[in-house]
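# Survey of secondary and tertiary structure
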Amino acid sequence: MRDAKPSRYRRRVATLLLLLFAAGVAAGQQQAPPVPPELRGVNEQLTGLTKDVANTISESFSFCVADPVDDWNEAFNYTSDLGFVRQCLAETRGDMAQRLCTPAEAKFYFTSLFDAKGEKNLFLKTNVNCGRTSWAPGCEPGWGCSAASNPVPNNGDDIPLRTTNCQPCCEGFFCPRGLTCMLPCPLGAYCPRATMNATTGLCDPYEYQITLNSTNGCGGADKWADFDSTEEIFCPAGYHCPTPTSKDSCSRGHYCKLGSTTENKCIVKRSCKENEENENIIILGAFLVGAIGVLLLIIYNCSGQFLTIRERRKAKSRENAIQLARQQLKAHEGWKAAKQLAKRHVHGVQDHLSRTFSRRRSFRQPTDPESQRVQESRLMGSVKAQEMSDSAVFSAQRTSEISEVMPSVIMDISNDGEIVMDKPAPKGKHRSTHTQIFKYAYGEIEKEKVRQEENKNMSFTGVIDMVKEQQKEITRPLLKVEFKNLTLSLGKRKLLRSVTGELHPGRVTAVMGPSGAGKTTFLNAVSGKVTGYQMTGSVLVNGKHGSIRSYKKIIGFVPQDDVVHGNLTVEENLWFSANCRLPARMSHRDRVLIVERVIDSLDLQGVRNSVVGTVEKRGISGGQKKRVNVGLEMVMEPSLLILDEPTSGLDSSSSQLLLKALRHEALEGVNICAVVHQPSYTLYNMFDDLILLAKGGLIVYNGPVKTIEEFFITLGIHVPDRVNPPDHYIDILEGIVKPESGINAKHLPVHWMRYKGYEVPSDMKDDLKAMGEESLQIGPDRSLSGSTPHCLPGGVRNAFSEERNRLENRLSKPNDLSSRRTPGILKQYKFYLGRVTKQRLRDGRLLGVDFLILGLAGICLGTIAKLSDPTFGMPGYIYTIIAVSLLCKIAALRSFSLERLQYFRERESGMSTLAYFLARDTVDHFSTVLKPIIYLSMFYFFNNPRSSIGDNYTILLALVYCVTGIGYTFAICFSPGSAQLCSALIPVVLTLVSTQRTTPTFLKMLSYPKWALEGFIIVNAKRYPGVWLITRCGLLFKSGFDINNYKLCILILFMYGLFFRIVAFAAMVLLKKR
């Protein structure tokens, strides 16, 4: 590598002079105007000098030469003004060609500038003309000699003898000390004749000193190297030098940087005075920041207003639909009552007429039979017409759209609440507005409420009809879960021991027990959510072995904690769950019906448009958040619904409301199992089955709620008066209450095993022996199967049980679970994209703070790290990489670390991880695109580098994309504290590693700051032509950069970002919930 061998750099620089004049003149002369006759000889000499080395230009200096033709023309194309060449010819009396250096002398000069270690050397090595034994006058700095008596070889490595006719170096050329030839000064340099400074004794402006006892005076320029060594040769700032011998002041409205050959126009002409060194563009930066700030404020305010206006429109449509549904239901009830009254009236009139005709036939002559039949037919016709209108009413009420009895009109609600009869839409045009969809949804909800009211006092036949109707409406797959000898161990500790039982569809099962009994562990084991444990036994679904996780699309699990999105509203949380987990082919209005039914059943109407809230931002109450937590699973219409303490934190009325909603789900065939703590007696009686666990994960009871007291009575355990049965049983299991029968609470699980005929585990044989002869001999279980909801009257239970058995027979032929086809990745990506966009809009202030900090960092770094031309602004770019990496990584952590629990819940329910990741990354692209603009609007206009803002933006965009991917990886793989620490340290460490010359090359290649810094330096180095050429090559060589790697730097940064995004996604898929 270049930085590993300084001598290699010396060998390359040795041919630099060949490039200085060769390529530029050779290429420039192709498009130059005709050369004057008096200069043709010199032109031929220069052409001959360049011809031998033109082929080696690209290979020798490819790392600092982007385009040989353009770069060398910018440095040595003098054809536009050869006045200094004509002047030199006059001064040398036509001997100029014999005074120009040969390629061998140029190589000698540049080889001697650096020692073996690559350090600068102020003195040239000795040669044939300037040595210890001979020192010609032309060996002095600024002086040169001619080789008139010795022909100058065009090729070869030998330095020609050049010691005659010595005189000061021509203006526009420089003559190094220790060399007797002339080299041309590059464009952007100012090389006048030196003058003696009487005070210092130095030759100004080059500050070299003539050797003592020398007869020479001050000559011309003495050397050209990098900026630090030959600052005097550079055209001063505030001036521009069209040729190496002319220096012009920068006019008003223009600015001239160091080493300029032309004037640069100022954007605001009044801001640039005469001899201005740089343009003051801080005002433009402030204006740009102000414009961006106003734009962001408009976006954030308008976006929030857009969400609010949209919610208001939907709320208005929903309110109209509710009023319409209630008005129509009321009208239907009134019409039904009027119909019954009309029927009774018609029958009364018919009976009256019949009695009248009977009396007339008895006392009068009989009338014409034909006329009598006509009258009766008219009367019966009116009755039939009335009955037909009644059937029309019922048929209209069963249509999908809520409409009036007359099919020719459609009802709507006006602003003042009155019913308005609108004309129907023309045939062939489908009108499906929000109001129409809400009409359907709330119409169905009101019908369901009416049916529930009617079913309170239904007869035996009514129960049969209701159950049959429920059977027809059940469309969900029924899941019966059986668990046999389920044992869960963590090391030597057993969390569950020999748990055997079953969960039936259409029933609500409560899981109770003292603290530490393993209730939550039991739910996790049944639902297949245990990881890192040793589990034995089996869990059967519909009598079949296999993983219950294969049914995860129709299984709902409500965690104990309220894992909901706090920056979304209640309705938005429910809608997202419904969109992603309901069947893809379900119509939109059916989805609306399901969501609205859940909102209504959980009594969330009042807070449906309220943000749920987080720890920092207050939202809805804790009880309402708990109901939202349950509603997320109810809206996906599960077949198995498992709830971990759904009533914790709820008052009695809210708990009963929740249980009523769960019982309504159970009537549709849902298998419901919930952990409950200290339920009230009313709440306790709303459950169908009970699983009672003792400490150690042992089952004490598993069966219907109505028979638990009978079971414990057989053990001699009676519930005292005015004591809640579950509280009494749990107190016994806790050891707080001693049973009256003297039975040991520790032996209750063994009694249950013997009662059910289960095999007692070997480690519980001692308990079985300890029970001895005092153990009660309980007969086999006869009454715990086929039970029914005991909340119904006794006569109704048998009918319900009979129909329920018919439903359970369907378990032998379960529906194909593949019928639940949830939306694919693309549709879920769309839903995730909408959700994340809403979250970002509501967190606009947080994003604004990120932009503000980034802008302040740009101001500070742009002010502190002022641009330094010799370093091409490298310090400022190093600070930029560190600051931008740190701030963008920390901001990227929020994308995934704040929603870790929500993600795990959604992943366990079967949602697409890829859609989730892509949606969050897509929305973050907005920040990725905008953050470079925010930073550069400050840094660029305060630092004012030579490179364009477009080039800087491209590199910074690639850098932000790269570090954002790294931030994703940290957020997913590490805890929040560790991720923040890594995000702060990694940019500093990697940047320091990549800027140290002693760092191994392969480590630099793996460091992303190296590629970002190289990109920044490259775009800046291209703006330093002419006199800056050696400085450019030296800096690129020492840094190990290549000017042709600009596109490679951008590509590698983007590839790093893509690679770390792939790593982050793989970590999301592979890593388990801690």
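Residues numbered from 1 in each chain as written. Predicted model: local features only at pLDDT ≥ 70, side-chain atom pairs only at ≥ 80, totals over all residues. Heavy atoms only, no water.

## As for the packing of helix H13 (residues 570-581) against helix H23 (residues 825-842)
For any two helices packed against each other, the geometry comes down to the angle between their axes and how far apart the axes lie. One way to put it is that H13 packs onto H23 with a least axis distance of 9 Å and a crossing angle of 165°. As the angle between them shows, H13 and H23 are arranged roughly antiparallel. Here the hand of the crossing between H13 and H23 comes out left-handed. Contact residues: Glu-572, Phe-576, Asn-579 and Cys-580 in H13; Gln-828, Phe-831, Tyr-832, Arg-835, Lys-838 and Arg-842 in H23. Taken together, the residues of the contact of H13 with H23 break down into 4 nonpolar, 2 polar and 4 charged. (Axes fitted to C-alpha atoms, helices over the stretch in contact; angles between N-to-C directions. Helix = DSSP H or I, 4+ residues; strand = E, 2+ residues; numbered from the N terminus. Parallel < 35°, antiparallel > 145°, perpendicular 65-115°, else oblique. Left-handed = near helix turned anticlockwise from the far one by under 90°. Contact = heavy atoms within 4.5 Å. Nonpolar A, V, L, I, M, F, W, Y, C, P; charged D, E, K, R; others polar.)

## Quick notes on H23
Between its terminal C-alpha atoms H23 stretches 25 Å, which fits the 26 Å expected from 18 residues at 1.5 Å a residue. Taken together, the buried positions of H23 are Gln-828, Tyr-832, Arg-835, Val-836 and Gln-839. Take H23 and look down its axis: the buried residues cluster within an arc of 95°, on one side only. Residues Leu-826 and Lys-830 are exposed on H23 and point more than 90 degrees away from its buried face. (Expected span 1.5 Å × (residues − 1). Buried < 20%, exposed > 50% of the residue type's maximum accessible area, 1.4 Å probe, protein only. Arc of directions from axis to C-beta.)

## Some thoughts on a nonpolar patch on the surface
On the surface, Leu-981, Leu-985, Val-988, Val-989 and Leu-992 cluster together into a nonpolar patch covering about 430 Å² of accessible area. Following the sequence through the fold, Val-989 ends up in helix H29 (residues 976-995). (Patch = residues over 30% accessible without salt bridge, like charges linked within 9 Å, V, L, I, M, F, W, Y side chains within 5 Å. Areas by Shrake-Rupley, 256 points an atom, 1.4 Å probe, with all protein chains shown as cover. Salt bridge = Lys/Arg side-chain N within 4 Å of Asp/Glu carboxyl O.)

## Things to note about the state of the cysteines
Enumeration according to the criterion identifies 10 disulfides in this entry. Through a disulfide, Cys-130 is tied to Cys-139; the S-S separation comes to 1.7 Å. Since a negative S-S torsion denotes a left-handed disulfide, the Cys-130-Cys-139 link at about -95° is left-handed. Residue Cys-130 shares its accessibility class with Cys-139, and that shared class is buried. Bridging Cys-185 to Cys-191, the disulfide has an S-S length of 2.1 Å. Linking Cys-185 and Cys-191, the disulfide has an S-S dihedral of approximately -115° and is accordingly described as left-handed. The pair formed by Cys-185 and Cys-191 is uniform in burial state, with each residue classed as buried. (Disulfide = S-S within 2.5 Å.)

## Some details on the packing of helix H25 (residues 874-897) against helix H31 (residues 1008-1021)
Contact geometry for H25 and H31: axes closest at 10 Å, N-to-C directions at 135°. When the axes of H25 and H31 are compared, the pair comes out oblique. The handedness of the crossing between H25 and H31 is right-handed. Here Met-874, Tyr-877, Ile-878, Ile-881, Ser-885 and Lys-889 of H25 lie close against H31, whose contacting residues are Tyr-1008, Pro-1009, Ala-1012, Leu-1013, Phe-1016, Ile-1017 and Asn-1020. Considered class by class, the residues forming the contact of H25 with H31 number 10 nonpolar, 2 polar and 1 charged.

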